[in-house]
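What the coordinates show
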Amino acid sequence: MGTSPDEEVLTLRAQLQRWAAAYFELDAPVVPDADYDQAMRRLETLEREFPNLVTSDSPTQRVGSAPLSEFESVEHRLPMLSLDNAFSAEDLRDFDRRVTERLGLLEVTYCCEPKLDGVAVSIVYESGLLVLAATRGDGATGENITSNVRTIRNVPLALKGDHVPPYLEVRGEVVIPRNAFERMNAQARDAGEKVFVNPRNAAAGSLRQLDSRITAKRPLAFTAYSVGVVEGELPASHDAILQALGDFGLPISDYMETVEGVDACERYYQSLAAQRDGLPFDIDGIVFKVNGLQEQERLGFVSRAPRWAIARKFPAQEVSTQLLGVDFQVGRTGAITPVARLEPVFVGGVTVSNATLHNADEIARLGVQVGDTVVVRRAGDVIPQIVSVTESVGSSSAARRAIEFPVRCPDCGSNVHRVEGEAVMRCVGGMSCAAQLKAVIRHFASRKAMDIEGLGDKLIDQLVDDALVTSVADVFRLTKEQLAVLERMGDKSSENVLASIDKAKTTSLPRFIYALGIREVGEATARALAQHFLSLDELLAAPADVLEGVDDVGPVVARHISEFAHDERNRQSISDLLSSGVNWPSVSVVSGEGPLAGTTWVVTGKLESMGRDDAEQRLRALGAKTASSVSAKTSTVLAGPGAGSKRKKAESLGISIMDESEWLVMLREME
Ligand code: 5U1
């Protein structure tokens, strides 16, 4: 007897929920996208055939529904408050003084969390099922955005566990993670479509769609940070409430920490400020909340903000400045990028005097001219960008000057060519263009590629300008006599650089593939290619359809690899590199095999013997999966000094934690 439709529906739902959790929470997909899509289509078919089997928590209910004509208003049963701000350590101490005095305590327990830069929402669960979601609006009345919030992948449609209060209003922030935002904007830019100014605007715009099928396509993510109206039991402290929300299946911050006293708050602030650029999402400050609910009640509110919480703000990531001029830079693929020269300005914690303008289409889209006042954004480790023009100096003003794209390469004078369907202009000079050669060598020598320490930008410029290097392979033929006479080089520095060049000759296949600088082949793709083909020859001989079978490789990347492999100059360059002694151990372990197969690791903190990337690579070579955040599915956390919230989360989940020395012993035994 075959499976009945109701059994099949239940199996498909459980499977899809598991796969989605692996994808969205662990960052570690367990099946290819095509399998996910196929299971989803089957579930849709069954639900269409047997409408009585549709439930509101089915994964099919996340795809969006027919457009609304307008959003309904929703009155918040409890107002959604705002937060008071602190702009300095002094402000934070004043806040703590007020709190301790009012409570008559010497020291207060605070819960510290990053303040996500997104859109605040309220989500109501009745009997564990999502029934309503609303924007904050003016705090008293918001808009009903239930059908949009239902499409957010990490928002549970049904809560789990036996202790979910019958009525639970959860409050939190919806954001678009930085890497998803960059990807989304790069795709939009390539397609000549509208790009978003920043992840916050993109999240807000996505939630404001009347057609939730559009929202469903946006990479939104929710993090719960408090509760509103609750009918039923919850713990009596803020951190325990958040843990309970986590147990119900709601996403909570990995970075939350409970500390004693204001000094510890300051240390938390400094530690997160130092990590800010590397975080997966934009944050604009830290929220400190008095942890005990009884204490919160005693403190109460002033106007629209609680007396028991404060947001200590970080320096702004968007500021205005003046566009002084535009330079044109030639990259390693010949792409000519307009770079804005700016009146120096402090943004995102550093002084910025240059920002990318991407390409001619972007200049046209912004309508920017030299002399304009522009908004510069610097967030994370993304290069600073001009996101809008705030003020133009009147179009007739002589102070305003249109930006003209060069018709010849600004470096070598070769022709400039725009491939049909692409937004970028390219210099056709190839390796005879000094700017391209310098960029190729910079990439080749970079940390994640061949990792040649000491071969920095200044030295590369001199080597190319003095014609000591006319190809990448020439780097391996340099002599001490050639180096020692260069500016800022002496005997000792030359010996050091030569030693690191020699050391870099022994590399790994993924590093070498990445170092080749094939268009759109980043580190992850290089790794996937190495694991798939196991040898460079196999990779270079692979036809496009075989390349497309590799994880991460679509038709465009496959075409770039094929074109690279068929170019005689590239073949020659690879053969020169190999005859100069570049080598790597043969790759024999593929993902899913090896002593650590089936385990998922998170590497956190600062390791002493190697960088985190290298540590992850070593783990993957032994068959392990690596993930960026700790969850119940994590097997082990490798924690170096400075590991903060991820270590804490692992402790609270009872996940094994290894320090670096234990780990190195394990590697020695396994490798
Ligand atoms: N992380 C976090 N963000 N945030 C924003 N917590 C938090 N709490 C808020 C707000 C507006 O408000 C409550 C303290 C009232």
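The model shown is predicted, which means the values in this text are computed figures rather than measured ones.

1. Observations regarding the site of the ligand
- The full set of residues close to the ligand is Leu81, Leu83, Glu113, Pro114, Tyr225, Val287, Lys289, Pro306, Trp308 and Ala309.
- One nitrogen or oxygen atom from the side chain of Glu113 is found 2.9 Å from a nitrogen atom belonging to the ligand.
- One nitrogen or oxygen atom from the main chain of Pro114 is found 3.2 Å from a nitrogen atom belonging to the ligand.
- When the free accessible area of the ligand is taken as 380 Å², the share hidden by the protein chains comes to 89%.
- Among the elements of the structure, strand 3 (109-116) and strand 10 (283-290) are those that each provide at least two residues to the shell around the ligand.
- Looking at side-chain class alone, the shell around the ligand contains eight nonpolar, no polar and two charged residues.

2. Description of the environment of Glu47
- Mapped onto the fold, Glu47 is located in helix 2 (residues 33-49).
- On a C-alpha basis, the gap between Glu47 and Val9 in space is 7.9 Å, while along the polypeptide they are 38 residues apart.
- Residue contacts for Glu47: discarding those within four places in its chain leaves Arg13, Val54, Ser58, Thr60 and Gln61.
- A polar side-chain atom of Glu47 sits 2.7 Å from a polar atom in the side chain of Arg13.

3. Here's the deal with the packing of aromatic side chains
- Counting across every chain of the model gives seven aromatic pairs.
- Ring geometry for Phe95 versus Tyr110: centroids 6.1 Å apart, planes at 40 degrees, classification tilted. Here Tyr110 lies in strand 3 and Phe95 lies in helix 3 (residues 89-103), a separation of 15 residues in the sequence. Here the two residues Phe95 and Tyr110 agree in accessibility, since each one is buried.
- Lying over the aromatic face of Tyr167, Arg77 brings its terminal NZ or CZ to 4.6 Å of the ring centre.
- Lying across the ring of Tyr269, Arg312 places its NZ or CZ 3.6 Å from the centre.

4. As for the side chain of Thr604
- Secondary-structure assignment places Thr604 in strand 21 (residues 600-604).
- Residue Thr604 is classed as buried on the basis of its relative accessible area, which comes to 8%.

5. Considering the sheet that holds strand 9 (residues 257-260)
- Judged by pairing direction, the sheet is mixed, and its five strands sit side by side in the order 2-13-10-3-9 without closing on themselves. Strands with a single pairing partner mark the edges of an open sheet, and in this sheet they are strand 2 (84-86) and strand 9. Across this sheet, the average inter-strand angle for adjacent strands is 35 degrees, counted without regard to direction.
- One ladder, built from seven bridges, connects strand 3 with strand 10; its direction is antiparallel. Opposite Tyr110, over in strand 10, you have Val290 as the bridge partner.
- Helix 3 contacts strand 2, strand 3, strand 10 and strand 13 (309-313) of the sheet and is inclined by roughly 170 degrees relative to strand 13.

6. Describing the packing of helix 12 (residues 434-445) against helix 13 (residues 457-465)
- One way to put it is that helix 12 packs onto helix 13 with a least axis distance of 10 Å and a crossing angle of 135 degrees. With respect to their mutual orientation, helix 12 and helix 13 come out oblique. Judged by the sense of rotation from one axis to the other, the crossing of helix 12 with helix 13 is right-handed. Side by side, helix 12 and helix 13 meet where Ala434, Leu437, Lys438, Ile441 and Arg442 of the first sit next to Asp457, Ile460, Asp461, Val464 and Asp465 of the second.
- Tallied by class, the residues present in the contact of helix 12 with helix 13 amount to five nonpolar, no polar and five charged.

7. Some remarks on the nonpolar core
- One finds Ile441, Ile452, Leu455, Ile513, Leu529, Leu536 and Leu547 to be the most contacted residues of the largest nonpolar core, which totals 53 residues.
- Of all the elements in the fold, those that place two or more residues in this core are helix 12, helix 13, helix 15 (491-504), helix 16 (509-515), helix 17 (523-533), helix 18 (536-541), helix 20 (555-566) and helix 21 (568-579).
- Two domains each put at least three residues into this core: domain 4 (430-504) and domain 5 (509-579).
- Discounting residues that sit within four places of it in the chain, Ile441 has contacts with Leu455, Ile460, Val464, Val469, Val472 and Val475.
- Grouped together as the second largest cluster of nonpolar side chains are 39 residues, Val155, Leu157, Leu159 and Phe196 included.

8. Some points on the environment of Ile513
- As for its position among the elements, Ile513 is in helix 16.
- Here Ile513 falls in the buried class, since its relative accessible area comes to 1%.
- Measuring from C-alpha to C-alpha, the distance between Ile513 and Gly640 comes to 29 Å, with 127 residues separating the pair along the chain.
- If near-sequence neighbours (up to four positions away) are discounted, Ile513 is found in contact with Val521, Ala526, Leu529, Ala530, Leu536 and Leu539.

9. Here's the deal with unusual backbone geometry
- Located in the positive-phi region is Glu520, a residue other than glycine, with phi close to 65 degrees.
- Overall, the relative accessible area of 53% leaves Glu520 in the exposed class.

10. Concerning the confidence of the model for the protein
- With 95% of its residues at a pLDDT of 70 or more, the protein has an overall mean of 89.
- Ranking the elements of the protein by mean pLDDT puts strand 22 (residues 625-627) last, at 80, and strand 7 (residues 167-175) first, at 98.

11. Regarding the domain arrangement of the protein
- Domains assigned within the protein are domain 1 (5-62), domain 2 (109-262 + 277-309), domain 3 (317-399), domain 4 (430-504), domain 5 (509-579) and domain 6 (600-670).
- Computed over C-alpha atoms only, the centres of domain 1 and domain 2 are separated by 25 Å.
- Each partner contributes residues to the interface: domain 1 has six residues there, and domain 2 has 10 residues.
- The junction of domain 1 with domain 2 conceals about 780 Å² of combined surface from both sides, 53% of it contributed by carbon and sulfur atoms.
- Taken together, the connections running from domain 1 to domain 2 amount to zero salt bridges.
- Viewed at the interface, domain 2 and domain 1 are joined by one residue pair in polar contact (both at pLDDT 80 or more).
- Classifying every residue of the side of domain 1 that touches domain 2 by side-chain character gives one nonpolar, three polar and two charged.

Cut-offs and rules
- In this numbering scheme, every chain counts its residues from 1 along its sequence in written order.
- Thresholds applied to this predicted model are a pLDDT of at least 70 for local features of residues and 80 or more for the giving and counting of side-chain atom pairs; totals over whole chains, interfaces and linings are not thresholded and use all residues.
- Values shown for side chains rest on all heavy atoms present in the structure; no hydrogens or waters enter the calculation.
- The criterion for a residue being near a molecule or strand is simple. One of its heavy atoms has to lie within 4 Å of it.
- Whenever a nitrogen or oxygen atom comes within 3.5 Å of another N or O atom, the pair is scored as a polar contact, on the condition that within protein one atom can donate a hydrogen and the other can accept it, and that pairs from neighbouring residues in sequence are kept only if both atoms are in side chains.
- Working definition of accessibility: Shrake-Rupley area with a 1.4 Å probe, residue cover restricted to the visible protein chains.
- The helix and strand labels rest on DSSP assignments: H or I over at least four residues marks a helix, E over at least two residues marks a strand, and numbering proceeds from the N terminus.
- Residue classes follow a fixed rule: Ala, Val, Leu, Ile, Met, Phe, Trp, Tyr, Cys and Pro count as nonpolar, while Asp, Glu, Lys and Arg count as charged, and any other residue, Gly among them, counts as polar.
- Only heavy atoms matter for contacts: two residues are in contact if any of them lie within 4.5 Å across the pair.
- For this analysis, a ring pair means two rings from Phe, Tyr or Trp (six-membered ring only for Trp) whose centres lie within 6.5 Å, classed as stacked if their planes differ by under 30 degrees, edge-to-face if by over 60, and tilted for the remaining angles.
- Accessible area is worked out with a 1.4 Å probe on protein chains only. A residue is then buried under 20% of its type maximum, exposed over 50%, and partly exposed in between.
- Cation placement over rings: the criterion is NZ of Lys or CZ of Arg within 6 Å of the ring centroid and within 35° of the ring normal.
- Here, a strand pair is defined by DSSP locating no fewer than two bridges between the strands.
- Axis definition: a line fit to C-alpha positions, over the contact stretch in the case of helices; interaxial angles, taken between N-to-C directions, run 0 to 180 degrees.
- Under this scheme an angle from 65 to 115 degrees is roughly perpendicular, one under 35 degrees roughly parallel, and one over 145 degrees roughly antiparallel; angles in between are oblique.
- For a crossing to be left-handed, the near helix must be turned anticlockwise from the far one by less than a right angle; the clockwise case is right-handed.
- Throughout, nonpolar core names a set of buried Ala, Val, Leu, Ile, Met, Phe, Trp, Tyr and Cys residues whose side chains join them through atoms within 4.5 Å.
- Segment limits for the domains were obtained from an automatic or database-derived domain assignment.
- How sure the predictor is of each residue is captured by pLDDT, a score from 0 to 100.
- Buried area: the sum, over both parts, of the accessible surface (1.4 Å probe) that disappears when the two are put together.
- By salt bridge we mean one thing: a side-chain nitrogen of Lys or Arg within 4 Å of a carboxyl oxygen of Asp or Glu.

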